[in-house]
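An overview of the molecular structure
Each chain, letter by letter, is given below.
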Amino acid sequence: MSYLNLFRAHPSFLGYGFLLAFASSFGQTYYIAAFGGEIRATFELSHGGFGSVYLAATLTSGILMMWVPRLIDHVDLRAYSVTIVVGLGIACLAAGLSAGLASLFLAILLLRLFGQGLMSHAVQTSMARYFEPDQRGKAIGIAGLGFAIGQGVFPIMGVLAIAAIGWREAWFGGAVATLLLVAPLALLLLRGHGAREAAYRAKIDERAANPSEGSERDWTFQEVLRDPRFFIAAIMLMAPAFVSTGVMFHQVHISESKGWSHAALASAFAIYAVLQIAFSIFIGWLNDKVGATSLVRWTMLPMALGCLALTLDGGVWLAFLSMALLGMTGGAGQTLMTTLWPELYGIRYLGSVRAMVSSIMVIATALSPALFGWIIDAGLGFDVIAVGSAFYAVFGSLILAFVFRRRPAPAMASGD
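Bear in mind that the values here come from a model prediction, so they are computed numbers and not experimental data.

Helix and strand counts for the protein come out as 20 helices and zero strands. What you see for the protein is a C-alpha radius of gyration of 20 Å, in line with the 22 Å of a compact globule of 416 residues. The principal-axis extents of the C-alpha atoms in the protein amount to approximately 60 × 45 × 40 Å. Across the 416 residues in the protein, those meeting the buried criterion constitute 60%. Nonlocal contacts in the protein, meaning residues at least 24 apart in sequence, comprise 87% of its contacts between residues at least 6 apart.

Have a look at this one:
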């Protein structure tokens, strides 16, 4: 089925995925980082100090992500979605009202938990769960456009909103948009989901009762945790999130150290978004033909080149080149990080599997802002960070090539 035919067949459900992916930007690093200068000035924080607060809040979110997202395996998607959207609206309100380090910590915790964590988890799990294997990559590619477009729009939107109405008021605007627009629209786009859920449950029951050779194996969560490939692959595949989060979080410092304007660097995220969209769509199509395990080993090589580009001295065109290369890896990884797990472990316990993956990802995105901030405060310069990040990307690619050197053979479906 082509992209166009898939969208024609499921416009509302794919629109739901796009909407939540786009709205998750309120809790993503690239948006929060746009407020970094104002937050550091308001609360009298250094780069490392702000990174430490961000680290503590995001680590707490990552710990919670080990358990909270697993509810998606047991709760109706409509109730789950409304709850997390309202939670994100409350988080935006908390950010605007923050008056001290404790309240700033709480606001960032809620933004990261509901935005980056639970909303992204809902999009990726639902697209992977309710679409067939030969449609899954394309469905994730379409819904994932919300992440890419959000990444291109939100940073510059944040900069403009701060200049126009102030940083607190910008967060209040996010709360209004989330509660009054995103929540009701998500429910509208999920009309008829009961029939989709019933079809999914019937398929799961049929596979359990009549396992057949060549079908996806529905591993239990305990089996997944005992598979050494799971944690190795998850940790290596965190490289794009780790690096891009650190780069975007410290965008103000990068622009200052390179002599670029902050607005120019923020606008480079639009190039990131364009390449992320292109590679998400392309890899979604390719995934449905050759499988995620054949592709994941190559995804981080463009990011390595993008990091090295940030070590060069020159005009702002280097920012656009770097963001383009990071966007290639971001788009490919965004799709493959969702299609890989059902390909390996089936869909019955996908919410629980992805909860653990999401937790690892959130922890990775917590570490890089603080680590990069400490390196900056130590006066080592961003070039050290960029070279180290490039090494991580190349090393991760080599490890993934070893782990997935052979495509796993189809397995019989298992019971509980």
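The discussion continues.
On to the pattern of salt bridges, then. Across all of its chains, the model carries four salt bridges by this definition. Here aspartate 288 makes a salt bridge to lysine 138, at a shortest N to O gap of 2.9 Å. Of this pair, aspartate 288 sits in helix 16 (residues 262–290) while lysine 138 is found in helix 8 (residues 133–143), placing the two residues 150 residues apart along the sequence. Note on aspartate 288: relative accessible area 17%, which makes it buried. Of the charged contacts, one joins lysine 258 and aspartate 383 as a salt bridge, the two residues approaching to 3.6 Å between their closest N and O atoms. With a gap of 125 residues between them, lysine 258 in helix 15 (residues 251–258) and aspartate 383 in helix 20 (residues 382–403) connect regions that are remote in the sequence.

Turning our eyes to something else, we now look at the packing of helix 2 (residues 11–23) against helix 9 (residues 145–165). For the pair helix 2 and helix 9, interaxial distance at closest approach is 7 Å and the crossing angle is 35°. As for how helix 2 packs across helix 9, the hand of that crossing is right-handed. Along the contact surface, helix 2 presents Phe18, Ala21 and Phe22, while helix 9 presents Leu145, Gly146, Phe147, Ile149, Gly150 and Phe154. Considering only residue class, the contact of helix 2 with helix 9 consists of seven nonpolar, two polar and no charged.

So, on to the packing of helix 6 (residues 77–97) against helix 7 (residues 101–130). Relative orientation of the contacting elements helix 6 and helix 7 amounts to 155°, with a least axis distance of 8 Å. Classified by the interaxial angle, the pair formed by helix 6 and helix 7 is roughly antiparallel. Handedness of the helix 6/helix 7 crossing: left-handed. Contacts from Leu77, Tyr80, Thr83, Ile84, Val85, Gly87, Leu88, Ala91, Cys92, Ala94 and Ala95 in helix 6 reach Ala107, Leu110, Leu111, Phe114, Gly115, Leu118, Met119, His121, Ala122, Ser126 and Tyr130 in helix 7. For the contact of helix 6 with helix 7, the residue count by class is 17 nonpolar, five polar and no charged.

Another aspect to go through is helix 16. Here helix 16 contains 29 residues, and its C-alpha end-to-end distance of 41 Å stays within 8% of the 42 Å for a straight helix at 1.5 Å per residue. Of the residues flanking the end of helix 16, it is glycine 291, one or two places downstream, whose phi is positive at about 95°.

Moving on to the nonpolar core. For soluble globular proteins, the rule of thumb is that nonpolar side chains tend to be buried together. Ranked by internal contacts, the top residues of the largest apolar core, which has 131 residues, are Tyr16, Leu20, Phe35, Met127, Trp171 and Trp341. It is helix 7 that contributes the most residues to this core, 15 residues altogether. For tryptophan 171, the contacting residues outside a window of four places in its chain are Phe26, Tyr31, Ile32, Phe35, Cys92, Ala95, Gly96 and Leu111.

The grouping of Val86, Ile90, Val176, Leu179, Leu180 and Leu181 at the surface amounts to a nonpolar patch, some 540 Å² of accessible area in total. At the level of secondary structure, the elements contributing two or more residues to the nonpolar patch comprise helix 6 and helix 10 (167–189). Per element, the largest residue contribution to the nonpolar patch is four residues, and it comes from helix 10. Within the secondary structure layout, valine 176 lies in helix 10. Residue valine 176 is classed as partly exposed on the basis of its relative accessible area, which comes to 48%.

So, how was this worked out
Residues numbered from 1 in each chain as written. Predicted model: local features only at pLDDT ≥ 70, side-chain atom pairs only at ≥ 80, totals over all residues. Heavy atoms only, no water. Helix = DSSP H or I, 4+ residues; strand = E, 2+ residues; numbered from the N terminus. Rg over C-alpha atoms; globule rule 2.2 N^0.38 Å. Buried < 20%, exposed > 50% of the residue type's maximum accessible area, 1.4 Å probe, protein only. Contact = heavy atoms within 4.5 Å. Salt bridge = Lys/Arg side-chain N within 4 Å of Asp/Glu carboxyl O. Axes fitted to C-alpha atoms, helices over the stretch in contact; angles between N-to-C directions. Left-handed = near helix turned anticlockwise from the far one by under 90°. Nonpolar A, V, L, I, M, F, W, Y, C, P; charged D, E, K, R; others polar. Parallel < 35°, antiparallel > 145°, perpendicular 65-115°, else oblique. Expected span 1.5 Å × (residues − 1). Core = buried A, V, L, I, M, F, W, Y, C linked by side-chain atoms within 4.5 Å. Patch = residues over 30% accessible without salt bridge, like charges linked within 9 Å, V, L, I, M, F, W, Y side chains within 5 Å. Areas by Shrake-Rupley, 256 points an atom, 1.4 Å probe, with all protein chains shown as cover.

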